[in-house]
Amino acid sequence: MKKTDPIAVFDSGVGGISVLKELMALLPNENFLYYGDSINAPYGTKSAEEIKDLTKKNAEILLEKGAKAIVIACNTATSVAADSLRKLYPDIPIIGIEPAVKPAVLYKIHPTVIVMATPLTLSQDKFDELARRYDNEANIIALPCPGLVKLIERGVVEGPELDAHLKEIFAPFRYLKVDSVVLGCTHYPHIKDAVSKAFDHKAVIFDGGSGTARETKRRLESIDMLNDQTQKGELHIINTLGTKEIMDLTYFLLNR
Ligand code: DGL
């Protein structure tokens, strides 16, 4: 493994681009390899076993391509497969992402916090443990959002179709004073403005992307594997669907 080898970042599709942007901002001299598994999206409505298999396959491909670290830029894959992947590759830094419940809870005294995530993420013990830790401090509402990832993978990241979809999933909370919303799926930061608008811009929105980027830096620093080249790093993008539409969407989300 060399310091100049890429940091691999993967997700079920274009979601992880939201994490990649944080990584590239924090570590501009690193080389990155982004792997979007759009052909198998969405992950969040599949079984844990299927996601474990897909995650293992993704990691094999990325290590074959010379990754020096793997960032699982997917809350769903992190919840069900990060531990087994770390056991399989104990010498590779494997960094995951989890819903940013802590900062959302700490934002106010006794806030009402909505955690938006995939059904699979919210069904895991890992999420129960996370939510239980803050039970006394906040009213935490877990909100599974099946269907949302499919919309985003189709490029629907703003406009009336998205607004109508969000209105429907937030309808039960219409009369509740929501203090903060956690975007517990890496696809959702791409629709942050629409989510904020759905709460009349009165809720504060949190996501785990920047925390994951900082953790990646810490982990590489601790094993002296940060790239010390002075020029800007390179980015290579692979998408398993590989259509023009998905590549255009990937670059659109990356550059906006
Ligand atoms: N972006 C992923 C996550 O953070 C997966 C979404 C999906 O494919 O369902 O959970």
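Refer to the structure printed above.
**Student:** How would you sum up the side chain of S18? Please name residues and give values.
**Tutor:** Residue placement: S18 occurs in helix α1 (residues 17–26). A polar atom in the side chain of S18 sits 2.8 Å from the backbone oxygen of T186. With near-sequence residues (within four places) excluded, S18 lies in contact with T186, P189 and H190.

**Student:** Requested: an account of the site of the ligand, with residues and values cited.
**Tutor:** By nearness alone, 13 residues border the ligand, and S12, Y43, G44, N75 and T76 come closest of all. The contact in question runs from an oxygen atom of the ligand to an N or O atom on the side chain of S12, over 2.6 Å. In the environment of the ligand, an oxygen atom lies 2.6 Å from a nitrogen or oxygen atom belonging to the backbone of Y43. Protein chains bury 99% of the 300 Å² of accessible surface belonging to the ligand in isolation. Per-class residue counts for the shell around the ligand are 5 nonpolar, 7 polar and 1 charged.

**Student:** Explain the nonpolar core residue by residue, including any values.
**Tutor:** Residues M116, L148, Y188 and V195 are the most contacted members of the largest nonpolar core, which totals 51 residues. In contact with Y188, other than residues within four places in its own chain, are M116, A117, T118, C145, L148, V149, I152 and L183. Residues L62, I70, C74 and I238 belong to the second largest nonpolar core, which totals 23 residues.

**Student:** Now, about the packing of α1 against helix α10 (residues 209–222): what can you tell me, with residues and values included?
**Tutor:** Axis separation between α1 and α10 bottoms out at 8 Å; the angle between their running directions is 45°. One element, α1, and the other, α10, form an angle in the oblique class. The crossing of α1 and α10 is right-handed. Where α1 abuts α10, its residues V19, E22, L23 and L26 lie against G209, S210, T212, A213, R214, T216 and K217. Tallied by class, the residues present in the contact of α1 with α10 amount to 4 nonpolar, 4 polar and 3 charged.

About the thresholds
- Residues numbered from 1 in each chain as written.
- Predicted model: local features only at pLDDT ≥ 70, side-chain atom pairs only at ≥ 80, totals over all residues.
- Heavy atoms only, no water.
- Helix = DSSP H or I, 4+ residues; strand = E, 2+ residues; numbered from the N terminus.
- Polar contact = N/O pair within 3.5 Å; in protein donor to acceptor, adjacent residues only side chain to side chain.
- Contact = heavy atoms within 4.5 Å.
- Near = heavy atom within 4 Å.
- Areas by Shrake-Rupley, 256 points an atom, 1.4 Å probe, with all protein chains shown as cover.
- Nonpolar A, V, L, I, M, F, W, Y, C, P; charged D, E, K, R; others polar.
- Core = buried A, V, L, I, M, F, W, Y, C linked by side-chain atoms within 4.5 Å.
- Buried < 20%, exposed > 50% of the residue type's maximum accessible area, 1.4 Å probe, protein only.
- Axes fitted to C-alpha atoms, helices over the stretch in contact; angles between N-to-C directions.
- Parallel < 35°, antiparallel > 145°, perpendicular 65-115°, else oblique.
- Left-handed = near helix turned anticlockwise from the far one by under 90°.

Just distances and angles here, no functional claims.
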